[in-house]
Amino acid sequence: MPALTFSSVSKSFGSSEVISDFTAEIPDREFLVLLGPSGCGKSTMLRMIAGLIDISSGDLLFDGRRVNELEPRERNIAFVFQSYALYPHLTVRANIAFPLLMDRFRWWQHIPGIWSIERRRAMRLPEVARKVAEIAEIMELTPLLDRRPKTLSGGQRQRVALARALVRDPSIYLLDEPLSNLDAKLRSQMRIEISTMYQKVGKTFVYVTHDQVEAMTMGTRIVLLDGGIIQQQGTPTEIYERPANAFVARFIGSPAMNLIPVEVAHGGVRIPDAGILPVSDAPVAAGQSVTLGVRAEKIALAASGETDSTGTSRSSSASAPRRSWGSGSGMRRPRRSVPARCATSTTRASPVRSTSPSAIRARSA
Amino acid sequence: MTTAAPTSRIRRRNAAAAIAPYLFVGAAAIYLLFFMVVPMARGLWFSFTDATLLNPDGGQFVGGKNYGDLLTSGAFYSSLLTTLLYTAGTVIGSLLFGTVAAVALSERIRGRAVFRALLTIPWAVPSVAAVLVFIWIFNVESGVANRATKALGIGAQGWLLDPKLGLLSVTLVSVWKVFPFVMLVVLAALQGVPGELREAARVDGADRLNVFRTVTLPHIVPTLRIVALLMTIWSIRRFEVIYLLTGGGPIDTTNTIVISVYREAFQNSQLGQAAAIGMLGLCLSMVVTVVYFLSDRSDARKDAR
Ligand SMILES: Nc1ncnc2c1ncn2[C@@H]1O[C@H](COP(=O)(O)OP(=O)(O)OP(=O)(O)O)[C@@H](O)[C@H]1O
Ligand SMILES: [Mg+2]
């Protein structure tokens with residue numbers, strides 16, 4: 001349930017800093033996606049939220065309460081691991097039921113012999129059996145319930161891992177690339193399952209992925225990481241339409257945003273070999289070199305000699321040294337990959353003369 | 001003509017490749033034949049004769065008399081019982097102690113390397129030296145063991161002299177001597193426990209003992225089984241620790257099968273009788289091994305399901 005607050009959270013392994021100065025405020029019931037290329041520290045971040053590794057410095061707060069020192073089970077979380085982490089000697093049923101059984105475990109059941117009896121009894125409890133059956137049904141695991149993990153395919157294992165995380169009633173769900181091993185069909189199906197689950201339980205989700213489609217379609221909020229540093233955070237639309245820097249512009253969108261080196265001219269920007277694209281209120285003085293970013297779907301072919309383009313510039317206070325021009329419009333939150341409507345017109349000359357009617361925004365960043 | 005030369009060369013190479021494995025295995029087979037099969041065959045032959053130490057080859061064939069004598073004498077059965085008790089004690093003790101030590105050492109504690117080195121010492125020191133130290137420790141007048149029991153108010157004990165304590169003392173020393181082996185092997189197995197599994201169990205709400213039971217233990221069970229087999233066989237045949245500590249006493253309470261073979265052969269000079277005891281001891285080892293492999297196989301079959 002809780003709102004997550006990260007204040008300057010950092011993590012170092014020895015002398016190498018993997019996460020630096022992660023500061024973010026995630027309201028209750030958000031679907032937060034941690035997005036970034038491989039090795040950027042997404043799993044590390046998730047493990048810190050779970051309490052599996054210590055936070056080197058900074059504070060992590062659940063609903064205003066500092067949880068840095070809490071054990072994972074005291075944080076009331078569910079976790080789907082990148083490598084599934086199923087208990088190999090337990091059946092699928094026992095794997096899924098394990099968190100429920102642990103909730104019922106009392107210390108005195110450590111007395112040798114007691115737990116093996118108690119375990120069997122707990123497995124038959126109606127509420128346990130019902131929950132396991134329910135989640136198995138959703139994840140299409142019912143026929144596999146009595147199998148061992150090693151007899152399952154990768155995708156089936158992943159679904160067991162998901163089921164095990166979802167079976168409990170935690171307040172935060174942490175998922176580390178839970179769909180990376182599924183085929184396209186199953187992946188989009190599971191994407192819907194997880195989104196539905198999110199709508200239904202109304203809890204905070206933190207979802208790690210390097211797949212921007214997943215991030216865009218599932219997240220209500222995205223934190224984009226690179227090299228352990230937050231590049232941008234915001235809603236999918238914000239990130240898609242107003243990338244904070246060139247890295248974000250290249251990382252988000254398929255195809256990636258076109259980044260064209262241009263020179264600011266009066267009333268617009270001069271594109272080499274192509275002429276001037278009108279842009280209102282350019283943020284920097286004429287004569288400066290900047291980068292123009294244009295989304296491919298904003299470009300359309302126009303009749304020869306005709307230009308029909310408008311642009312507005314937008315300044316931002318972000319301090320990245322790279323200048324960039326962003327392009328975007330008030331379009332809906334993008335779903336899946338954007339159709340490359342103007343694939344044939346993306347030669348160097350044509351896009352200039354023929355931009356789509358929507359606004360081009362320029363920005364100096 | 002042009003193709004014949006390469007073909008024959010290939011054929012020759014194939015022939016060499018076919019022979020090579022036999023050459024490798026052959027060396028080992030010859031070694032085994034000379035140093036295992038021949039003595040064993042001779043031992044088997046001796047067990048049917050009344051050979052003595054002074055005249056090993058002059059024994060007369062006496063049929064199953066040696067075996068008959070053994071199987072009707074109480075001494076053999078008490079020796080068998082001693083062996084079983086000693087083996088059970090040593091195996092359970094060393095597995096328990098070794099596993100606990102390994103788990104403790106696999107935690108990220110300060111000075112882990114030092115502890116590991118210290119705990120490995122018993123396995124590394126020669127048995128004779130270790131046993132000498134324990135004979136001092138168990139010394140009735142001035143041994144550390146008795147000072148401790150006196151301080152605890154239990155009073156001095158005849159650790160190696162009291163028939164009630166002899167087997168216990170010998171077992172304790174044996175456990176101390178061999179547990180580092182279990183520890184090192186289990187420690188190696190523990191390195192292979194996937195970290196994410198342990199983390200998953202922690203997230204799922206398991207406390208340390210439950211993490212151990214759910215993740216660690218199942219992972220090291222195959223290792224423990226093979227170590228248990230080795231420990232069992234080694235305990236059945238252990239000689240030096242027992243012989244040096246008590247020589248089979250007090251009043252034969254530590255007289256395991258191996259000790260009685262030695263005594264029969266070299267103290268009573270009854271080579272034939274000793275060989276018969278040895279053969280029965282060998283059967284015991286074999287039974288243990290067969291039982292192990294049978295249970296291993298049925299487990300593997302259960303796992304496959
Ligand atoms: N225990 C560790 N000790 C040292 N370095 C580590 C450790 N764990 C992770 N790292 C380093 O931290 C960085 C981030 O790792 P992390 O697993 O968080 O990446 P990731 O974003 O999840 O990547 P992927 O998408 O490939 O899973 C990597 O460079 C990795 O080498
Ligand atoms: Mg990862």
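Computed from a prediction, not measured in an experiment: that's the story for all the values here.

**Student:** Tell me about the coordination of the magnesium ion (ligand 2), residues and numbers included.
**Tutor:** Residue and element names in this part refer to chain A. Around the magnesium ion (ligand 2), the protein contributes the donor atoms Ser43 (OG) and Gln82 (OE1), at 1.8 to 2.4 Å from the metal centre. Placement of Ser43 in helix α1 (residues 42-50) and of Gln82 in the loop between β6 (77-80) and α2 (92-103) is noted, with a sequence separation of 39 residues between them. For Gln82, a relative accessible area of 33% corresponds to the partly exposed category.

**Student:** So, the pairing of strand β13 (residues 275-278) of chain A: which residues are in play, and what are the values?
**Tutor:** All names here are of chain A. Note that strand β12 (residues 268-271) and β13 share four bridges and pair antiparallel. Bridging from a neighbouring strand, Arg270 pairs with Ile276 of β13. Between β12 and β13, which follow one another and run antiparallel, lie three residues, and Asp273 among them has a positive phi close to 65 degrees.

**Student:** Describe the sheet that holds strand β7 (residues 172-176) of chain A, listing the residues and the values that go with them.
**Tutor:** Residues and elements named next belong to chain A. Spatial strand order, β6-β7-β8-β3-β9-β10: six strands in an open sheet with mixed pairing. The open sheet has two edge strands with one neighbour each: β6 and β10 (229-234). Each adjacent strand pair in this sheet contributes to an overall mean axis angle of 15 degrees, direction not counted. Those strands touched by α1 are β3 (31-35), β6, β7, β8 (204-209) and β9 (221-226), and its axis lies near 155 degrees from that of β7. Running at roughly 175 degrees to β6, helix α5 (residues 154-166) makes contact with β6 and β7 of the sheet.

**Student:** Describe unusual backbone geometry, with residues and values.
**Tutor:** A cis amide bond links Ser254 of chain A with the next residue in sequence, Pro255 of chain A, at an omega value of 5 degrees. Position of Pro255 of chain A among the secondary structure elements: in the loop between α9 (246-251) and β11 (258-265). Although it is not a glycine, Ile251 of chain B sits at a positive phi angle of roughly 45 degrees. Note that Ile251 of chain B resides in the loop between α10 (240-245) and α11 (257-267). Taking relative accessible area as the criterion, Ile251 of chain B reaches 72% and is therefore assigned exposed.

**Student:** Would you mind going over the packing of aromatic side chains in detail, with residue names and values included?
**Tutor:** Across all of its chains, the model carries 24 aromatic pairs over all chains by this definition. An angle of 70 degrees between the planes, with centres 4.9 Å apart, marks the rings of Phe134 of chain B and Trp176 of chain B as edge-to-face. Residue Phe134 of chain B is located in helix α5 (residues 127-137), and its partner Trp176 of chain B is located in helix α7 (residues 166-191); the two are separated by 42 residues in the primary sequence. Taking relative accessible area as the criterion, Phe134 of chain B reaches 11% and is therefore assigned buried. Ring-pair connections join several aromatic residues into one group, and the members of that group are Phe31, Tyr173, Tyr198, Phe205 and Tyr207 of chain A. Positioned over the ring face of Tyr240 of chain A is Arg295 of chain A, at 4.0 Å from the centre of the ring.

The rules we used
Residues numbered from 1 in each chain as written. Chains lettered and ligands numbered in written order. Predicted model: local features only at pLDDT ≥ 70, side-chain atom pairs only at ≥ 80, totals over all residues. Heavy atoms only, no water. Donors = N, O, S within 2.8 Å, 3.2 Å for Na, K, Ca; no water. Helix = DSSP H or I, 4+ residues; strand = E, 2+ residues; numbered from the N terminus. Buried < 20%, exposed > 50% of the residue type's maximum accessible area, 1.4 Å probe, protein only. Pairing = 2+ DSSP bridges. Axes fitted to C-alpha atoms, helices over the stretch in contact; angles between N-to-C directions. Contact = heavy atoms within 4.5 Å. Phe/Tyr/Trp six-rings, centres within 6.5 Å; stacked < 30°, edge-to-face > 60°. Lys NZ or Arg CZ within 6 Å of the ring centre and 35° of its normal.

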